[in-house]
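Okay, here's what each chain looks like letter by letter:
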Amino acid sequence: MSADGGTGPVAAEARPVPHGPEVPGLMDAFWAYETALMADDLPTLDALFAPGPDTLRGDAAGLLVGHEAISSFRGGRGGAPARRIVRVEVRALGERHAVVVAITELLRGGRGQQTQVWERGEGGWKVAVAHVAVAAPALDRRIWRVVGTPLVPATTEDGPLTGESVAVKDLFAVAGQRIGAGNPARLAEASPEPRHAAAVEALLGAGAAVTGIAATDELAYSLAGTSTHYGTPPNPRAPHRISGGSSSGSASAVSLGHASLGLGTDTGGSIRVPAAYQGLWGIRTTHGAVPRDGLLPLAPSFDTVGLLARTAGPLARAAAVMLHDADGAAAGTGRAGMLAGAALRTVPGLVELAEGDVAEAIDAALRRWAGSRRMERAAAIDEAAHTAWLGAFRTIQAREAWQAHGDWVRVHGGDLGPDVAARFRTARTVTAEQERRAREVRAVAAEEVRGRLGGGVLVVPAASSVAPLLRDSAAGGPLIEAQRERTLRLTCLAGLAGLPAVTVPLRTAAGLPTGVTLVGPAGSDVELIHLAAAVEETS
């Protein structure tokens, strides 16, 4: 192990004497494994883990099953933290099996424990089952930029959200805190905010406390959650898969139980995608219905305030709070009862845009819901028109993103992750004439989408796939960019029309989280949550 704290071989003189029976050859294999781990010697590690589909490795992030999955995980993480072994206990489990429990000390501080079941075969001793535990960080920078107990207390002790805690996306102003927008260079230049954003103020005034400021993809210009600077927030509902973004930290905080509500934004799916990837309820509110005062923009024509929760009840209560003004009057919530008896309407071809396992989960949900809700089919969307609509969305979004952040990006383009930097390079080239033509297409698209509601609610996949595996998810990589393209074809519909969309969590046949969105008429936000909860509860 290197003296400066980096990885390196375990020094022989640092090896503790193992306690327990002597098992011939076992400790040689154990120390060979430890040396290979510190050197990130992947071929040796592969050789010391039992081959086949039954090998297990578990840690706080989840369980890996099979030699191939374990090998892929090791190959993608870039080595294990430097550590030393301070105690070893050995217990024989017959002639061919033994357990080794090792206490570890990380050079960065903190203790951990490693438990391995070793199996002896023709090739010698190999790990059949492993479990790794390390001390949790006091502050997980993948999820939180700053956190408190709470960071900001509620401003009332008796409100509809009393007892709820909020993870605030790092785009909203929190008085006394800076807006970092997922980028360290921007954070370093930011000044403390003089007052809370309107949405934060509303939640505090209803009794919720702010737990902390949660991670976001840079400037909210992504759907993946794969931060180049802070790391990808964990996805506890789908371990070793990405979190979804750009409301990535808010989603992970809610999914992990760090907060009961996630305050985020949705421009092109930044609530709906992490909700689907992590099995959460979410709402993208009607465009303009929730004030955006104190919110750093990406593309104001599409930016909306959104919420995430583990169940529908808190989501509906928090949405109702944000959708009312200071005098308690409804703000853009539409007429009462506007969804009474509303049918669920499918658009031919939309569910088929999702990958097979997601489409099957949605089809299964629709079969369940058919017993309690009238089902209808809306007119299909012409493929060429759909492509033009997506192009218009991306053109307007890019033009507005450059108008909002172009001056900063000119100076700090090198401080951006490769995926976001590429989007801003494209955004810089969009002309006023291209924007004008895109807005003409957008007007047509908005009318077409609203027309397909037909007094009902549209059923649209929340994302085109389940959360991709971390090992396949390099920022700006081809898999992530292809997934983003397919998902935007689905999510842009509500954005173009300015409509609310509620994500209902589902599961695939393999048990992975996914989701479907119900898109309702403008102003139906809270009713839409209640409708979604009702159809799911009665199915």
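The rules behind each value
- Residues numbered from 1 in each chain as written.
- Predicted model: local features only at pLDDT ≥ 70, side-chain atom pairs only at ≥ 80, totals over all residues.
- Heavy atoms only, no water.
- Salt bridge = Lys/Arg side-chain N within 4 Å of Asp/Glu carboxyl O.
- Buried < 20%, exposed > 50% of the residue type's maximum accessible area, 1.4 Å probe, protein only.
- Helix = DSSP H or I, 4+ residues; strand = E, 2+ residues; numbered from the N terminus.
- Phe/Tyr/Trp six-rings, centres within 6.5 Å; stacked < 30°, edge-to-face > 60°.
- Axes fitted to C-alpha atoms, helices over the stretch in contact; angles between N-to-C directions.
- Parallel < 35°, antiparallel > 145°, perpendicular 65-115°, else oblique.
- Left-handed = near helix turned anticlockwise from the far one by under 90°.
- Contact = heavy atoms within 4.5 Å.

**Student:** Account for the pattern of salt bridges, with residues named and values stated.
**Tutor:** Under the counting rule described, the total for this entry stands at 27 salt bridges. The partner of Arg57 in a salt bridge is Asp59, and the shortest N-O contact between them spans 2.8 Å. Take Arg57: its relative accessible area is 8%, and that puts it in the buried class. In this structure, Glu164 and Arg317 form a salt bridge, with 3.1 Å as the shortest nitrogen-oxygen distance. Of the two residues, Glu164 is situated in the loop between strand E7 (144-152) and strand E8 (165-169) and Arg317 in helix H8 (residues 312-322); the sequence distance between them amounts to 153 residues. The class for Arg317 is partly exposed, based on a relative accessible area of 37%. Each of Arg399, Glu400, Glu435 and Arg439 takes part in salt bridges that share partners, so that together they form one network.

**Student:** A description of the packing of aromatic side chains should follow, citing residues and the corresponding values.
**Tutor:** Counted by the stated rule, this structure contains 5 aromatic pairs. Plain terms: the ring middles of Tyr221 and Phe424 are 5.2 Å apart, the flat faces sit at 80° to each other, and that makes the pair edge-to-face. With Tyr221 in the loop between strand E9 (209-214) and helix H6 (248-256) and Phe424 in helix H11 (residues 418-428), the pair connects residues that are 203 residues apart, well separated along the chain. Comparing Tyr221 with Phe424 shows no difference in burial state: the two are buried. Residues Trp402 and Phe424 carry aromatic rings whose centres are separated by 6.4 Å and whose planes lie at 55° to one another, so their mutual orientation is tilted.

**Student:** Before we move on, can you summarise unusual backbone geometry with the specific residues and values?
**Tutor:** Of note, the bond from Thr149 into Pro150 is cis; its omega dihedral lies within 30 degrees of zero at -5°. Structurally, the position occupied by Pro150 is in strand E7. In the Ramachandran plot, Asp40 falls in the positive-phi region, its phi being about 55° despite a non-glycine side chain. Overall, the relative accessible area of 31% leaves Asp40 in the partly exposed class. The backbone of His240 shows a phi angle near 65°, a positive value even though the residue is not glycine. By the element assignment, His240 lies in the loop between E9 and H6. Since its relative accessible area comes to 14%, His240 is described here as buried.

**Student:** Run through the packing of helix H10 (residues 383-412) against helix H12 (residues 432-453), naming residues and quoting values.
**Tutor:** When two helices pack together, their arrangement is given by the angle between their axes and by how far apart the axes lie. Two elements in contact, H10 and H12, have axes separated by 8 Å at closest approach and are oriented at 130°. In terms of orientation, H10 and H12 fall into the oblique class. The handedness of the crossing between H10 and H12 comes out as left-handed. On H12, the residues touching Ala388, Trp389, Ala392, Thr395, Ile396, Arg399, Glu400 and Gln403 of H10 are Ala432, Gln434, Glu435, Ala438, Arg439, Val441, Arg442, Ala445, Glu448 and Val449.

The values reported here are purely geometric and, on their own, carry no functional implication.
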